[in-house]
Each structure stands twice: as structure tokens, then as C-alpha cells.
Amino acid sequence: MGRASVIAVLLLSPAALARADGEPISSVWRQLEPLPGGRTIMALTHAGGRLVGVAGGRGVAFTADGVLWSAHDAGPCCGAYALAWNGQELAAVGAQDVGTSHDGLEWEVDYIPDSKAQLDDVVWAGDHWAAVGSWSGGPPGGALTAVRSPGERWHFRWHSEAPGLRSLAWNGEILVALGGSSSWSSVDGLTWVYETSVLDVAPNGLRDIVWTGEHFVAVGEGAVALSEDGREWSGITLPNLSFRQVVWTGTELIGPPAVSTTCVARPSTQSRPPEST
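Residues numbered from 1 in each chain as written. Predicted model: local features only at pLDDT ≥ 70, side-chain atom pairs only at ≥ 80, totals over all residues. Heavy atoms only, no water.

### So, the overall build of the chain
So, step 1. A count of helices and strands for the chain gives zero helices and 26 strands.
So, step 2. Taken across its 277 residues, the chain has 55% of its residues classed as buried.
So, step 3. Restricting to contacts in the chain with at least 6 residues of sequence separation, those with at least 24 account for 44%.
So, step 4. Accessible surface for the chain amounts to roughly 11,800 Å². Of this, 50% is attributable to carbon and sulfur atoms. (Helix = DSSP H or I, 4+ residues; strand = E, 2+ residues; numbered from the N terminus. Buried < 20%, exposed > 50% of the residue type's maximum accessible area, 1.4 Å probe, protein only. Contact = heavy atoms within 4.5 Å. Areas by Shrake-Rupley, 256 points an atom, 1.4 Å probe, with all protein chains shown as cover.)

### Things to note about the sheet that holds strand β17 (residues 167-170)
So, step 1. Spatially, β17-β18-β19-β20 is the arrangement adopted by the four strands of the open sheet, whose pairing is antiparallel. If you trace the sheet from one side to the other, it starts and ends with β17 and β20 (193-197), each paired once. Averaged over neighbouring strand pairs, the angle between their axes works out to 25 degrees when direction is ignored.
So, step 2. Bridging between strand β18 (residues 175-178) and strand β19 (residues 182-186) involves four bridges; their strand directions are antiparallel. Paired with L175 across the two strands is S186, which belongs to β19. (Pairing = 2+ DSSP bridges. Axes fitted to C-alpha atoms, helices over the stretch in contact; angles between N-to-C directions.)

### Structural notes on the pairing of strand β21 (residues 206-211)
So, step 1. Here β21 lies mainly inside the structure; five of its six residues are buried.
So, step 2. Across five bridges, the pairing between β21 and strand β22 (residues 216-227) is antiparallel. Residue W211 lies in a different strand from β22, and its bridge partner there is F216.
So, step 3. The turn joining β21 and β22, which pair antiparallel and follow one another in sequence, is formed by four residues; a positive phi near 105 degrees is taken by G213.

### Thoughts on the side chain of T145
So, step 1. Along the chain, the position of T145 falls in strand β15 (residues 142-148).
So, step 2. Owing to a relative accessible area of 0%, T145 belongs among the buried residues under this scheme.
So, step 3. One polar contact links T145 to H159, side chain to side chain, over a distance of 2.8 Å.
So, step 4. Other than its neighbours up to four places away in sequence, T145 contacts A131, V132, H155, F156, R157, H159, L165, G189, L190 and W192. (Polar contact = N/O pair within 3.5 Å; in protein donor to acceptor, adjacent residues only side chain to side chain.)

### Quick look at the sheet that holds strand β12 (residues 108-111)
So, step 1. Read across the open sheet, the four strands follow the order β9-β10-β11-β12; overall the sheet is antiparallel. Edge strands, defined here as strands with exactly one partner in the open sheet, are β9 (80-85) and β12. For this sheet, the mean inter-axis angle between neighbouring strands, taken without regard to orientation, is 15 degrees.
So, step 2. Both strand β11 (residues 97-101) and β12 contribute to a ladder of four bridges, which runs antiparallel. Residue pairing for β12: V98 is matched across the bridge by D110.

### Notes on the pattern of salt bridges
Any two side chains of opposite charge can pair, so long as their charged atoms come close to each other.
So, step 1. Applying the stated rule across the entire model yields four salt bridges.
So, step 2. E108 is the partner of R148 in a salt bridge, and the nearest nitrogen-oxygen pair spans 3.8 Å. Taken together, the residues R148 in strand β15 and E108 in strand β12 connect sequence positions 40 residues apart.
So, step 3. When the shortest N-O distance is used, the salt bridge between E195 and R231 registers 3.0 Å. Of this pair, E195 sits in strand β20 while R231 sits in the loop between β22 and β23 (234-242); the two residues are 36 residues apart in sequence, bridging distant segments of the chain.
So, step 4. R231 gets classed as partly exposed once you look at its relative accessible area, which sits at 42%.
So, step 5. Sharing partners across several salt bridges, the network here consists of E89, E108 and R148. (Salt bridge = Lys/Arg side-chain N within 4 Å of Asp/Glu carboxyl O.)

And the structure:
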């Protein structure tokens, strides 16, 4: 097997970020042991009690504790930008291909039907996979979305009326996606509705979003934001951290920043941890 190295991991200790109801969520991070090689994790998810990450060079790595990793060659997949787990299989999306796998080693791969399009995030939405991204195939460009039901191929749709959508999350009823400076919602993953601007809480926009069982949590350049419905947002600035992604494990928020570290956030003991969905 080929070897893919991955980046350091940070832990978040209790304190500071106030939720919409005034209760705190943690925002202090500490670094764990980095792995040799220093290559950046492009996508990370929590799957069956362990973390699974994909890195440049189409490698995949596994860890149960964020310290000891096993790294493998992922074959034709995945030059991925995002990775998700639905309890039975992984899904990975990126600039050229989309893939699903039951073990992270053997992948069923499909290809995006336009070289000027890419998918940036994927999530399980109850009975199907949903993914969002961007398309630069013609004026004025716009968003690319895709869905896949079990046993079927991926179905793609282009949206000239929407900006490139870079991340999404599902709360059990609706999908919420971020388009940099705005949030959008959908009930099926293919038709999207503009909700609001997020620039008041994140002046540099938001990069990734996750549902914790109680809130949507979104991260970006120096900012973390919270919303119950994807329409109204509150947040704080974290000037020393610029996040690329956030993952919810059921007890922790894990966030690889935009530089070569990865962060783990534990909810404050002063508030009840959100339940895993």
C-alpha cells in the first residue's frame, strides 16, 4: 500500500463561544502529536468510532485517537475535498470524481460530467447522499449539486442563479448550504432557496457547516457561527484560527484549519452536549 501522511490534531478545551441561548461552547484549542510528512488532510469524517481522512495523492488514513494513524492507497478514489459517513458507507467528492466505499479501501467511483465543475461537500440526508459545489462552465457560472440514492448513479444539476456552494449539512428535515457569504436551504438536495447573508457574523465568509443535533455550526476564516435553522446566525471571531472544515463526532467538534493542523472541540461542561443524530 502507498503511504499518505496527514497533519497534526488539536483538542478544544471548555470555554468561550456563546450559543444563541447564552450557554457556552468551547473555543480553546491544543495541539496533539503531528504525523510525519506534514501533508494536509483534504477531507475528514467520523466513521464508526474512528476518524477517516483523505490527503493529497489519493491516500486514505484511519485513526481511533487522532494520534496513531494507519495510511493506505485509495486507488482510483479519492482526490477528495469532502468525506462523509452514513453508518454503512463513506462518500467522497472532489474535482473530478465522486466515490462511495464501505471500508475506505475499495471504492465505487463515478465521474462529474464537466471538467469545469467540482463538488466541495457531501452529506447523508436520511435516504440519499447530497453534494454541493461550483461550476464555471458558462456565464455567470454558478452552483453544481448532486444526489445519489443507494444502488443508483449520481444525478447532477447546474444552478446559474446560485453562487458556488462550498458546504452543506442536514438536520433531519432540511439541508443548509453555505455559499461563502450566504446560506441556502433545500428539502431534496437539487432545488435550493436563498436564506440570508452571513457576513454580519463572519465578515470573511464561512467555509464549512455541520449539524450537532441542536445547532448548525459553521466555521471559516477567524470565525465560528451557530444557527438553529440556517436563517438566523450568531457567532464569535477567533483571529488566530482559520478553519477549512468542521466534523461532529457526537461528543466533539473536529476542525482542520486552513494551515497544517487539525482541531478537536469538546463542548463546555457547563452545557449539555448535543445528542448524536
